[in-house]
Amino acid sequence: MKREDYEHYACGMYLAGTLAFLEGRYGSKPWKASGRGISLDEFLAERDDKRKEPLQIAGVCVAGLDALVCIRNAVTHNDGDLSKNIDSQSLSKVSAAALPGVQIVGNSVRLSSGYSVDFMKYVRESFVAVSMLHGGL
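On a predicted model such as this, the values are computed, not experimentally measured, just so you know. Counting restarts for each chain: residues are numbered from 1 in the order of the written sequence. Residues qualify for local features only when their pLDDT is at least 70, as the model is predicted, and side-chain atom pairs are given and counted only at 80 or more; totals for whole chains, interfaces and linings, by contrast, use all residues. By convention in this description, side-chain values take in all heavy atoms of the structure and omit both hydrogens and water.

### Some thoughts on the nonpolar core
In a soluble, globular protein the nonpolar side chains are often hidden away together inside. Side-chain atoms within 4.5 Å are what join buried Ala, Val, Leu, Ile, Met, Phe, Trp, Tyr and Cys residues into a set we call a nonpolar core. Throughout, exposure labels follow a simple rule: accessible area from a 1.4 Å probe, protein chains only, divided by the maximum for the residue type, with under 20% read as buried, over 50% as exposed, and the rest as partly exposed. Grouped together as the largest cluster of nonpolar side chains are 33 residues, with contacts concentrated most on Leu40, Leu68, Ile71 and Phe119. Under the DSSP-based scheme used, a helix requires at least four consecutive residues in state H or I and a strand at least two consecutive residues in state E, with every element numbered from the N terminus. Put simply, the parts of the chain that give this core at least two residues each are α1 (3–26), α2 (40–45), α4 (62–77), β2 (108–111) and α6 (119–133). Take this core: its biggest share by element is nine residues, from α4. When near neighbours in sequence (up to four residues on either side) are disregarded, Leu40 contacts Trp31, Val60, Cys61, Val62, Leu65, Ala129, Val130 and Leu133. We call two residues in contact when some of their heavy atoms are within 4.5 Å.

Here it is in structure tokens:
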């Protein structure tokens, strides 16, 4: 197996596990609203915690997490093909999010994490942000 293939599948497994944990703990799409009734975007816009600024700079947001769901579904269920997802807007959501380490070739998504571009870092930062939104960190 080539390193690029290993990175792609490792990123996919990491993403699937992270989203499964978040949704298992906080419910379906927990970045859309918290117990306080605000979305992740609204939460990160509040200037009450200095830990939020790096998450904003990294581009963590509702649209990014929605794109991660599309990527997870494509990698897990459709061999990376975004056009085969139930969500017919998957390709445009992932393209618009422009997440680090995500490459789109035709309708297929490829993931990479390394020293220069790190998809898994964005997933980790998303995990932290959603956990903070729900008071978990």
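### Re α6
For α6, spanning 15 residues, the distance from its first C-alpha to its last is 21 Å, which sits close to the expected 21 Å at 1.5 Å a residue. Of all the residues in α6, the buried ones are Phe119, Tyr122, Val123, Glu125, Ser126, Ala129, Val130, Ser131, Met132 and Leu133. Structurally, α6 contributes buried residues whose contacts are with α1, α2, α3 (52–57), α4, β1 (102–105) and β2. Two N or O atoms form a polar contact when they lie within 3.5 Å of each other; inside protein one atom must be a possible hydrogen donor and the other a possible acceptor, and for residues adjacent in sequence the pair counts only when both atoms belong to side chains. Regarding α6, its N-cap is Asp118, as a side-chain oxygen of that residue lies 3.2 Å from the backbone nitrogen of Met120 further along. Looking one or two residues past α6, Gly135 carries a phi angle of roughly 80°, positive in sign. To estimate the expected span of a helix, subtract one from its residue number and multiply by 1.5 Å.

### What to know about the side chain of Arg72
Within the element layout of this structure, Arg72 appears in helix α4. Those residues within four positions of Arg72 in sequence are excluded, and the remaining contacts are Leu15, Ala16, Leu19, Glu23 and His77.

### A closer look at a nonpolar patch on the surface
A patch consists of residues whose relative accessible area exceeds 30% and which take part in no salt bridge; residues with like charges are grouped when within 9 Å of each other, and nonpolar side chains (Val, Leu, Ile, Met, Phe, Trp, Tyr) when within 5 Å. Residue-level accessible areas treat just the shown protein chains as cover; the underlying method is Shrake-Rupley with a 1.4 Å probe. Should a side-chain nitrogen of Lys or Arg be within 4 Å of a carboxyl oxygen of Asp or Glu, the pair is scored as a salt bridge. Judged by side-chain polarity, Met1, Tyr6, Tyr9 and Met13 come together as a nonpolar surface patch covering roughly 550 Å² of accessible area. Topologically, Tyr6 is positioned in helix α1.

### Points about the pairing of β1
In this scheme, strands are said to pair when DSSP sees at least two bridges between them. Where β1 meets β2, four bridges bridge the pair, whose relative direction is antiparallel. Bridge pairing in β2 places Val105 opposite Ser108. Where β1 folds back on β2, the antiparallel hairpin that results is connected by two residues, among which Gly106 adopts a positive phi of roughly 65°.

### Quick word on unusual backbone geometry
For Asp79, which is not glycine, the phi torsion reads 50° and is therefore positive. Position of Asp79 among the secondary structure elements: in the loop between α4 and α5 (90–97). Taking relative accessible area as the criterion, Asp79 reaches 68% and is therefore assigned exposed. Phi is positive for Ala98, which is not a glycine, with a value near 45°. Relative to the elements of secondary structure, Ala98 occurs in the loop between α5 and β1. On the basis of relative accessible area, Ala98 is assigned to the exposed category, the value being 60%.

### Overview of the pattern of salt bridges
Inspection of every chain in the model, using the stated rule, returns 10 salt bridges. The partner of Lys32 in a salt bridge is Asp66, with the nearest N and O atoms 2.9 Å apart. Of this pair, Lys32 sits in the loop between α1 and α2 while Asp66 sits in helix α4, placing them 34 residues apart in sequence. For Asp66, a relative accessible area of 14% puts it in the buried group. A salt bridge links Asp48 to Lys52, with the shortest nitrogen-to-oxygen separation between them at 2.5 Å. A residue is classified by how much of its surface remains accessible, and Asp48, at 56% relative accessible area, is exposed. Owing to a relative accessible area of 2%, Lys52 belongs among the buried residues under this scheme.

That's the geometry; what it means functionally is another story.
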